[in-house]
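# Residue-level structure breakdown
Okay, here's what each chain looks like letter by letter:
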Amino acid sequence: MSLLSKIRCAFTLGQGLLIENKALVTTDDPISFFKNWLKEAENSGIILPESMSVSTSTKEGRPSSRMVLLKEVDQEGFVFFTNYGSRKADELEANPFAALLFHWNMLQRQVRIEGRIERISHEESEAYFHSRGRGSQIGAWASKQSELLDERQTLVDSVKFYEKKFAGKEVPLPEFWGGYRVIPESIEFWQGKADRLHDRFVYTQQDSTWSITRLNP
Ligand SMILES: Cc1cc2nc3c(=O)[nH]c(=O)nc-3n(C[C@H](O)[C@H](O)[C@H](O)COP(=O)(O)O)c2cc1C
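A brief report on the enclosed structure follows.

## Quick look at the overall build of the protein
Secondary structure assignment for the protein yields six helices and nine strands. Across the 217 residues of the protein, 43% fall into the buried class. When contacts within the protein are restricted to residue pairs at least 6 apart in sequence, those whose partners lie at least 24 apart make up 65%. In the form shown here, the protein has an accessible surface area of approximately 12,400 Å², with 52% of it arising from carbon and sulfur atoms.

Next comes the structure, spelled out in structure tokens:
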């Protein structure tokens, strides 16, 4: 860890949640609270603060996790993009619930999100796909994500194939690629504090309203 990172950690450790105790809760909107934390993570200099772990599980309840990038967050939920033929997608189609996890180490913060998942609309995926660089668009076509690859050259050849196929044309959205939205049912904000006496607040949604509870660290 660089000296600068250590200084940042020492500085942030012990800073509490904005909501120090329940009486001071200023918002019943966890999404805007999350956006503030994400903004603070961006401002802290953390690399890829929008990266998050997404956990899925098979119908039999066997879990798996991997990192993805959060591309959109609003009152509807948390959106990431992927290949609809990937392992995570197979698991999400069989068991449409997911858990997201953010960890912003320098800020001593963690956010846990759990909820139902659904595919975003074709139009939304299309809009995002066309905002990506051409290399990423070709890459989406070339990779059969999560399938066995005999050797790297096969992937390189696949890239060449699609570069040629779409030469001089707009790269279309592959039908096997798009976004998922996690519709949160609970969101926990964790702020590290001295002596492991951390703050934990959980927003839980019931009948379209959020309730807030505090948990022991
Ligand atoms: C920081 C980071 C960001 C990533 N972002 C994405 C992403 O947005 N979408 C994606 O499909 N894979 C992303 N990946 C790759 C995934 O972690 C994973 O390898 C891939 O999606 C295949 O996962 P699966 O076989 O479980 O479906 C990212 C990896 C890292 C380390």
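## Side note on the pairing of strand S4 (residues 77-83)
With respect to burial, S4 is a largely interior element, seven of its seven residues being buried. The pairing of strand S3 (residues 72-74) with S4 spans three bridges and is antiparallel. Residue pairing across strands places Glu72 opposite Val79, the latter belonging to S4. Between S3 and S4, which pair antiparallel one after the other, the connecting turn spans two residues. Bridging between S4 and strand S7 (residues 177-191) involves six bridges; their strand directions are antiparallel. Opposite Phe78, over in S7, you have Val182 as the bridge partner.

## A short note on the site of the ligand
In the vicinity of the ligand, the residues found are Arg66, Met67, Val68, Leu69, Phe81, Thr82, Ser86, Arg87, Lys88, Gln145 and Ser146. Ser86 places a polar side-chain atom, nitrogen or oxygen, 3.4 Å from an oxygen atom of the ligand. A total of 610 Å² of accessible area belongs to the ligand in isolation, and the protein chains cover 63% of it. Put simply, the parts of the chain that give the shell around the ligand at least two residues each are strand S2 (63-69), S4 and helix H3 (87-94).

## Section: the nonpolar core
The biggest cluster of nonpolar side chains holds 34 residues, and the ones touching the most others in it are Phe34, Phe78, Phe80, Trp104, Val111 and Ile113. No other element matches the six residues that helix H2 (residues 30-43) contributes to this core. The contacts of Phe78, once residues within four sequence positions are left out, are Ile31, Phe34, Leu70, Glu72, Val73, Leu100, Ile113, Tyr180, Arg181, Val182, Pro184 and Ile187. Counting 14 residues, the second largest nonpolar core, distinct from the first, contains Phe81, Ile138, Trp141 and Val171.

## So, the side chain of Arg109
One can find Arg109 in strand S6 (residues 109-119). Within the structure, Arg109 has its side chain in polar contact with the side chain of Glu40 (distance 2.7 Å). In this structure Arg109 touches Trp37, Glu40, Phe102, His103, Trp104, Trp190 and Gln191, once residues within four positions along its chain are discounted.

## Notes on the packing of helix H5 (residues 134-142) against helix H6 (residues 152-165)
The interhelical angle for the contact between H5 and H6, taken along N-to-C directions, is 115°, at an axis separation of 9 Å. Considering how the two elements wind past one another, H5 and H6 form a crossing that is right-handed. The segment H5 lies against H6, with Ile138, Trp141 and Ala142 engaging Leu155, Ser158, Val159, Tyr162 and Glu163.

## Considering the pattern of salt bridges
Where charged atoms from two side chains of opposite charge approach closely, those side chains can pair. Inspection of the entire model under this criterion finds 11 salt bridges. The residue Arg109 makes a salt bridge to Glu40 at a minimum N-O spacing of 2.7 Å. Of this pair, Arg109 sits in strand S6 while Glu40 sits in helix H2; the two residues are 69 residues apart in sequence, bridging distant segments of the chain. One salt bridge in this structure joins Asp199 and Arg214, with 3.0 Å as the shortest N-O distance. One end of the pair, Asp199, is in strand S8 (residues 199-206); the other, Arg214, is in strand S9 (residues 209-214), and 15 residues separate them in sequence. Residue classification places Asp199 among the buried residues on the basis of a relative accessible area of 6%. The class of Arg214 is partly exposed, set by a relative accessible area of 35%. Several salt bridges converge on common partners, so that one network encompasses Glu72, Glu76, Glu124 and Arg181.

## Quick word on unusual backbone geometry
With a phi angle near 55°, Gln108 is a residue other than glycine that sits in the positive phi range. Note on placement: Gln108 falls in the loop between strand S5 (97-104) and S6. One non-glycine residue, Ser208, adopts positive backbone phi at about 65°. Tracing the chain through its elements places Ser208 in the loop between S8 and S9. For Ser208, a relative accessible area of 66% puts it in the exposed group.

The rules behind these values
- Residues numbered from 1 in each chain as written.
- Predicted model: local features only at pLDDT ≥ 70, side-chain atom pairs only at ≥ 80, totals over all residues.
- Heavy atoms only, no water.
- Helix = DSSP H or I, 4+ residues; strand = E, 2+ residues; numbered from the N terminus.
- Buried < 20%, exposed > 50% of the residue type's maximum accessible area, 1.4 Å probe, protein only.
- Contact = heavy atoms within 4.5 Å.
- Areas by Shrake-Rupley, 256 points an atom, 1.4 Å probe, with all protein chains shown as cover.
- Pairing = 2+ DSSP bridges.
- Near = heavy atom within 4 Å.
- Polar contact = N/O pair within 3.5 Å; in protein donor to acceptor, adjacent residues only side chain to side chain.
- Core = buried A, V, L, I, M, F, W, Y, C linked by side-chain atoms within 4.5 Å.
- Axes fitted to C-alpha atoms, helices over the stretch in contact; angles between N-to-C directions.
- Left-handed = near helix turned anticlockwise from the far one by under 90°.
- Salt bridge = Lys/Arg side-chain N within 4 Å of Asp/Glu carboxyl O.

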